[in-house]
Amino acid sequence: NKTNKQVATGSYSNDVINLLKDYLKFYKIILEHDNLKVQTANTLKFPYESYRKGQRELSKYVYGTIKNEDTLFIEAPTGIGKTMSTLFPAVKTFGTENTEKIFYLSAKTIAKEVAYEAMKRLIKHGQVARTIKLTAKEKMCQAGHRKCNPLDCPFANGYYDKIKNVLLEIVKNEELIDDKIINKYANNNDMCAYELQLDTSLFCDVIICDYNYFFDPLVYLKRFFETDEVPYVALIDETHNLVDRSRDMY
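**A word on the sheet that holds strand E3 (residues 176-177)**
Moving on, step 1. Here we have five strands laid out as an open sheet, ordered E3-E2-E4-E1-E5, and parallel in their pairing. Every interior strand has two partners, whereas the edge strands, E3 and strand E5 (232-236), have only one.
Moving on, step 2. As defined by bridge partners, strand E2 (residues 131-133) adjoins E3 across two bridges and the pair is classed as parallel. Paired with Thr-131 across the bridge in E3 is Leu-176.
Moving on, step 3. Packing of helix H8 (residues 193-201) onto the sheet brings it into contact with strand E1 (101-106), E2, E3 and strand E4 (206-210), and relative to E2 it is tilted by some 150°.

Listed below in structure tokens is the structure:
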């Protein structure tokens with residue numbers, strides 16, 4: 001503005017420069033990770049010696065559906081290997097760059113664990129994809145269900161002063177993240193474990209979680225869905241369970 005020129009000098013300008021340096025340092029890691037995610041998705045092979053009967057066909061349908069931004073309903077027998085038959089082609093679409101994140105949704109803890117193990121296998125076979133398995137708040141809370149504010153909860157006090165450095169450590173060092181990993185960082189830094197897992201999920205590629213985090217109108221992850229058009233894929237396990245769960249949500 002020609003009529004109102006201002007030049008920042010002194011400690012304030014240094015603070016801004018240091019903040020920008022930290023920001024660029026963090027996002028350099030994020031961008032390098034994203035490039036590797038795309039590259040490894042293009043070269044990723046099916047992580048078993050052979051497909052079970054029906055797996056190859058299912059994988060083709062899933063891959064085509066995601067590329068075409070369509071919807072697919074699957075009814076398949078138990079034992080076909082639906083988890084890997086859907087996760088593998090979904091991860092492959094990272095290579096097309098029309099998928100930014102994958103949400104694997106289930107009502108059951110054991111199903112989420114199976115999906116987590118499937119991602120572990122894909123990562124072992126060369127895929128770069130930071131993966132997190134979200135755990136319910138009541139299981140993550142270290143403060144015995146106190147009010148979630150800095151006055152009542154010591155783990156909320158100073159949280160946002162610490163989060164920058166802790167997130168940097170996590171994205172530098174962790175590829176597979178579950179409650180044990182989150183609790184380690186949270187307890188080492190006296191931080192809220194539940195909030196830390198949600199903040200960490202922003203920088204993850206595959207998010208394994210309960211239906212609620214995606215569908216529930218009160219507790220869904222608003223940080224991901226602020227706009228209608230997002231390059232995300234939802235893999236919804238055992239969708240017949242969603243009917244009763246949806247009734248409960250409303």
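Now that the structure has been shown, the text picks up again.
**A look at the environment of Glu-57**
Moving on, step 1. With respect to the secondary-structure elements, Glu-57 resides in helix H2 (residues 55-67).
Moving on, step 2. With a relative accessible area of 45%, Glu-57 lands in the partly exposed category.
Moving on, step 3. Separated by 28 residues in sequence, Glu-57 and Ser-85 place their C-alpha atoms 8.8 Å apart.

**A few points about the packing of helix H3 (residues 82-92) against helix H4 (residues 109-124)**
Moving on, step 1. Packing of H3 against H4 leaves a shortest axis separation of 10 Å and a crossing angle of 50°. Between H3 and H4, the crossing angle belongs to the class labelled oblique. The handedness of the crossing between H3 and H4 comes out as right-handed. For the pair H3 and H4, contact is made by Thr-83, Met-84, Leu-87, Phe-88 and Val-91 and by Val-114, Ala-115, Ala-118, Met-119, Arg-121 and Leu-122, respectively.

**A closer look at the pairing of E4**
Moving on, step 1. Counted residue by residue, E4 has five buried out of five residues, so it is predominantly covered.
Moving on, step 2. Pairing of E1 with E4 involves five bridges; the strand directions are parallel. Bridged to Ser-106 within E4 is Asp-210.
Moving on, step 3. As paired elements, E2 and E4 share three bridges and run parallel to each other. Across the sheet, the residue bridging to Thr-131 is Val-206, located in E4.

The rules we used
- Residues numbered from 1 in each chain as written.
- Predicted model: local features only at pLDDT ≥ 70, side-chain atom pairs only at ≥ 80, totals over all residues.
- Heavy atoms only, no water.
- Pairing = 2+ DSSP bridges.
- Helix = DSSP H or I, 4+ residues; strand = E, 2+ residues; numbered from the N terminus.
- Contact = heavy atoms within 4.5 Å.
- Axes fitted to C-alpha atoms, helices over the stretch in contact; angles between N-to-C directions.
- Buried < 20%, exposed > 50% of the residue type's maximum accessible area, 1.4 Å probe, protein only.
- Parallel < 35°, antiparallel > 145°, perpendicular 65-115°, else oblique.
- Left-handed = near helix turned anticlockwise from the far one by under 90°.

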